Amino acid sequence: LKQHNTTTMRSYVALTSLAAIASPATSFTFAPNTATRQLKSVQTRTASQHAPSTLHTRLYAAKDDDTTTDDNQSENPYADPNYPDLEFINYDDPDYQVDQGLTDGDEFLSSRDRDEANIQTLAEIEAMREERRRRNDEFQFETYHANVLRGGEVALGEWTVFQTDTFMGGDVVEGRHPQAVNVPRLLKWDKVLKVVSRGSKVIVDAEAEWRVDGERIVHEERLASVDDFPAFIDKDDAEELVWEETEMLHLENRFWPKDMESLDFRGPGGNMCVGKAYTICDAVPLVDSKQQSDDEDGAGGDISGRHEGPFSEMRTELGVQENGMRFRIKLDYGVLEEDESGDVTPPLHLRTLTVCRETLDGYWPNPADNASAETSESTLQRRNQDEITNSLFGAPGAPGGLYDPPPVGSEERAIQNYMLLDFEGGATVLLPHRLDQHHTAEEGDGDAFGWVTSLDWTPGKIRYQVDRKVLSGPALKGLKTLELSEVQGEDADRWRPKDGGTNMRQ
């Protein structure tokens, strides 16, 4: 986790690969014996283009019986406190061999034994790296449960569903505007869904050696009933809580692993938290049911195999919560049936977009839903009700548009694959409506451009933008980074980046 501070702006980056883990040269620090009497310091000054006066300090440990006199200084031409206990090596000697200290005796190990020792050392280093990964998995797992799910507390919200015309048949698609034939039309559902959401932790193995290995996070999202409203609500309004089959099926779509475990918070899983933001993901491989079953049985603990594409379905969620409110978007992607028979891996198309506006204090975000049947006025006097109404239902679109537009590739790629949308509550969303699951010529080896989904929202004084950046090709479920920018809302224009869209420094 990296954090960059200014007077009014903070930026965070959650990385899917830890630099300290990836580089053994920077993973370990070996400290010398500190039981010494004296330290001698030698300073050298170097100059560079960016740091003209950088100081480097080298510290040498002196032995307890070391004395510094003019006599021994003259006898120590090497200025080394360990003189004369030095080993002088003649590298020109053809019989010279390097003793790496692998044995206690005078015999050197054979090349085979030395290779086996190196393998053992590498295995030990990898074990230490894996322990660090698991500790990071545990941190993400616990943070998601404690901060995002708030330990199992209920969130009450209004969900607005937009359905694309992509899956409505060729006749409907042909009706698109001639200048936007590649961009799907979004059709808004007439009815706003009232949804109760929560997530809790369950113990599946109390004897697990690593505690979180025996724990899972279970999510629940259901349509509200009369029992979820105050007892004084007008029962005539209960007709609005009679849900149709399409609406109930929409809530059955899962945007998280069925039984979320700590291992799901590694990069390939697509789940991560950073600051006030988070993202979760779930996908269905593009294979027949038998092969999928075999893969699930054989994947075991292989994290990459469990999340390897291509996919027939993928669902992602991106959200920010602050000041007792949560704004999140749910993106449901699927493969067109007519694309499955082609030679090229079929792309994923946006099927539905759901905007979730929620409050976290146990009451509904709309004060009308907390109203008394007798007075038609809310009996709940929230101190920040005006702020909630403005942040969730205010004017559409973030002021000035997306605060920090991320790079998406060429102009052609931006037009054919992305759409920028404004929503009520001062929110702006950038999202890909088409996800190609094969490496294009522009992407090269896949490292140049992946896919990005951005959410810009201001739930108070602080303006947030969270960017979910994933890999390209069949690994598009895997996170590259989850980036969060925070800036004072009133100073956003002053600090708005003018770099034309770049990735946050790693």
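Everything numeric in this text was worked out from a predicted model, so none of it was measured. (Residues numbered from 1 in each chain as written. Predicted model: local features only at pLDDT ≥ 70, side-chain atom pairs only at ≥ 80, totals over all residues. Heavy atoms only, no water.)

Caption draft 1: Layout of unusual backbone geometry. With an omega of 5°, the peptide bond running from Gly309 to Pro310 counts as cis. Inspection of the secondary structure puts Pro310 in the loop between helix H8 (303–306) and strand S11 (311–322). Although it is not a glycine, Arg150 sits at a positive phi angle of roughly 55°. Mapping Arg150 onto the fold places it in the loop between helix H4 (111–148) and strand S5 (155–164). At Asn323, a position not held by glycine, the phi torsion is positive, near 55°. Following the sequence through the fold, Asn323 ends up in the loop between S11 and strand S12 (325–334). Judged by its relative accessible area of 35%, Asn323 is partly exposed. (Helix = DSSP H or I, 4+ residues; strand = E, 2+ residues; numbered from the N terminus. Buried < 20%, exposed > 50% of the residue type's maximum accessible area, 1.4 Å probe, protein only.)

Caption draft 2: The arrangement of the nonpolar core in detail. Counting residues in each nonpolar core, the largest one holds 44 residues, and the members touching the most others are Phe327, Leu348, Leu353, Phe423, Leu431, Leu455 and Val466. Take this core: its biggest share by element is 5 residues, from S12. Residues contacting Val466, with those up to four places away along its chain left out, are Ala277, Leu318, Val320, Thr453, Ser454, Leu455, Leu482, Glu483 and Leu484. Core analysis: the next-biggest nonpolar cluster, separate from the first, contains 15 residues, Trp189, Leu193, Leu241 and Leu251 among them. (Core = buried A, V, L, I, M, F, W, Y, C linked by side-chain atoms within 4.5 Å. Contact = heavy atoms within 4.5 Å.)

Caption draft 3: Representation of the packing of aromatic side chains in the model. Under the criterion given, the structure shown has 7 aromatic pairs. For the pair Phe327 and Trp457, a centre-to-centre distance of 5.3 Å together with 35° between the ring planes defines the contact as tilted. With a gap of 130 residues between them, Phe327 in strand S12 and Trp457 in strand S17 (residues 451–457) connect regions that are remote in the sequence. Like Trp457, Phe327 is buried. (Phe/Tyr/Trp six-rings, centres within 6.5 Å; stacked < 30°, edge-to-face > 60°.)

Caption draft 4: Local environment of the pairing of strand S15 (residues 427–432). Across the 6 residues of S15, 6 count as buried, placing the element largely inside the fold. Side chains of S15 alternate between two faces, with Ala427, Val429 and Leu431 and Thr428, Leu430 and Pro432 buried alike. Inspection of the sheet shows strand S14 (residues 418–423) paired to S15 by 6 bridges, in the antiparallel sense. Along S15, the bridge assignment pairs Leu421 with Val429. Remark: 3 residues form the turn of the hairpin made by S14 and S15, two consecutive strands paired antiparallel; Gly425 in that turn has positive phi of roughly 100°. In the sheet, S15 pairs with S17 via 3 bridges, with the strands oriented antiparallel. (Pairing = 2+ DSSP bridges.)

Caption draft 5: Inspection of the confidence of the model for the protein chain at higher detail. Across the protein chain, pLDDT averages 78, with 68% of residues at or above 70. Here residues 1–9 scores under 50 on pLDDT; set against residues more than four positions off or in separate chains, the count is 25 contacts. (pLDDT = per-residue confidence, 0-100.)

Caption draft 6: Structural detail: the pattern of salt bridges. Scanning the model with the defined rule gives 34 salt bridges in all. A salt bridge links Glu142 to Arg211, with the nearest nitrogen and oxygen atoms 2.9 Å apart. Note that Glu142 is positioned in helix H4 and Arg211 in the loop between strand S7 (193–203) and strand S8 (215–223), a separation of 69 residues in sequence. Relative accessible area serves as the criterion here: at 43%, Arg211 is assigned to the partly exposed category. (Salt bridge = Lys/Arg side-chain N within 4 Å of Asp/Glu carboxyl O.)

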